[in-house]
Amino acid sequence: MAEEVYLTAEGKKELEERLKYLKTVSRAEVTEKIKVARDFGDLSENAEYDAAKAEQSQLEGEIIEIEAKLKNAIIIEDGARHNEVKLGSTIVVEDVSGKQKSYQIVGTTESDPYANPARISNESPIGSAVIGKRKGDAFDVVLPNGKKVKYTLLEIK
């Protein structure tokens, strides 16, 4: 059975747009590179041809990967309407030092810790620890280095 892929509606749209671009624009560009490289002559010693074929292979692999993700996508509904954290929720947490951070809980495909707010996977240490929690709940997160950090859930948006 194929692995389920959790996506927000926005994430699904971005993947669909990327797939369309790859199938239309990128495929045409790579096909043209292969055509030009063939015109250079002997294919057995043609580095441009080899590079273009490798690029084509990588492109087709990405297309297959995106199609599989979209086929197995489970769309995350907006978590703001609920009083407990789930996929799609945007949360504000506070650690014991009083430092606050905002996160959006998403599937692994969409995680981006550098986004604002950070988009963290439901499988990450914080993401997995906070799923199902309610405003005001305290919870511990075990970091990859083994260190335990205590957080309090301040807000679910």
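Residues numbered from 1 in each chain as written. Predicted model: local features only at pLDDT ≥ 70, side-chain atom pairs only at ≥ 80, totals over all residues. Heavy atoms only, no water.

(A) Highlighting the packing of helix 1 (residues 9-38) against helix 2 (residues 47-71). For the pair helix 1 and helix 2, the least separation of the axes is 9 Å and the interaxial angle reads 160°. By the angle class used here, helix 1 and helix 2 are roughly antiparallel. The hand of the helix 1/helix 2 crossing is left-handed. Split by residue class, the contact of helix 1 with helix 2 holds twelve nonpolar, two polar and 14 charged. (Axes fitted to C-alpha atoms, helices over the stretch in contact; angles between N-to-C directions. Helix = DSSP H or I, 4+ residues; strand = E, 2+ residues; numbered from the N terminus. Parallel < 35°, antiparallel > 145°, perpendicular 65-115°, else oblique. Left-handed = near helix turned anticlockwise from the far one by under 90°. Nonpolar A, V, L, I, M, F, W, Y, C, P; charged D, E, K, R; others polar.)

(B) Spatial organisation of helix 2. Here helix 2 contains 25 residues, and its C-alpha end-to-end distance of 36 Å stays within 8% of the 36 Å for a straight helix at 1.5 Å per residue. Listed in full, the buried residues belonging to helix 2 are Tyr49, Ala52, Leu59, Ile63, Ile66 and Leu70. Among the structural elements, helix 1 and strand 2 (73-76) are those in contact with the buried residues of helix 2. (Expected span 1.5 Å × (residues − 1). Buried < 20%, exposed > 50% of the residue type's maximum accessible area, 1.4 Å probe, protein only. Contact = heavy atoms within 4.5 Å.)

(C) Main features of the pattern of salt bridges. Summed over all chains, the structure comprises ten salt bridges. In this structure, the salt-bridge partner of glutamate 17 is lysine 13, at a minimum N-O distance of 3.8 Å. You can see glutamate 17 and its partner lysine 13 sitting in helix 1, four residues apart, about one turn around the helix. Residues arginine 27 and glutamate 60 are paired through a salt bridge, measuring 2.8 Å at the closest nitrogen-oxygen approach. Of this pair, arginine 27 sits in helix 1 while glutamate 60 sits in helix 2; the two residues are 33 residues apart in sequence, bridging distant segments of the chain. (Salt bridge = Lys/Arg side-chain N within 4 Å of Asp/Glu carboxyl O.)

(D) Local environment of unusual backbone geometry. Here the amide bond leading from asparagine 116 into proline 117 is cis, since omega sits at 0°, within 30 degrees of zero. Tracing the chain through its elements places proline 117 in the loop between strand 4 (100-106) and strand 5 (118-121).

(E) Geometry of the pairing of strand 3 (residues 90-95). Most of strand 3 sits inside the fold, with five of its six residues counted as buried. Both strand 3 and strand 4 contribute to a ladder of five bridges, which runs antiparallel. Paired with valine 93 across the two strands is lysine 101, which belongs to strand 4. Linkage of strand 3 to strand 4, two consecutive antiparallel strands, is achieved through a turn of four residues, within which glycine 98 is found at a positive phi near 95°. Bridge count for strand 3 against strand 7 (residues 148-156) is five bridges, and the pairing is antiparallel. Each bridged residue has a counterpart across the sheet, and for valine 93 the counterpart in strand 7 is leucine 153. (Pairing = 2+ DSSP bridges.)

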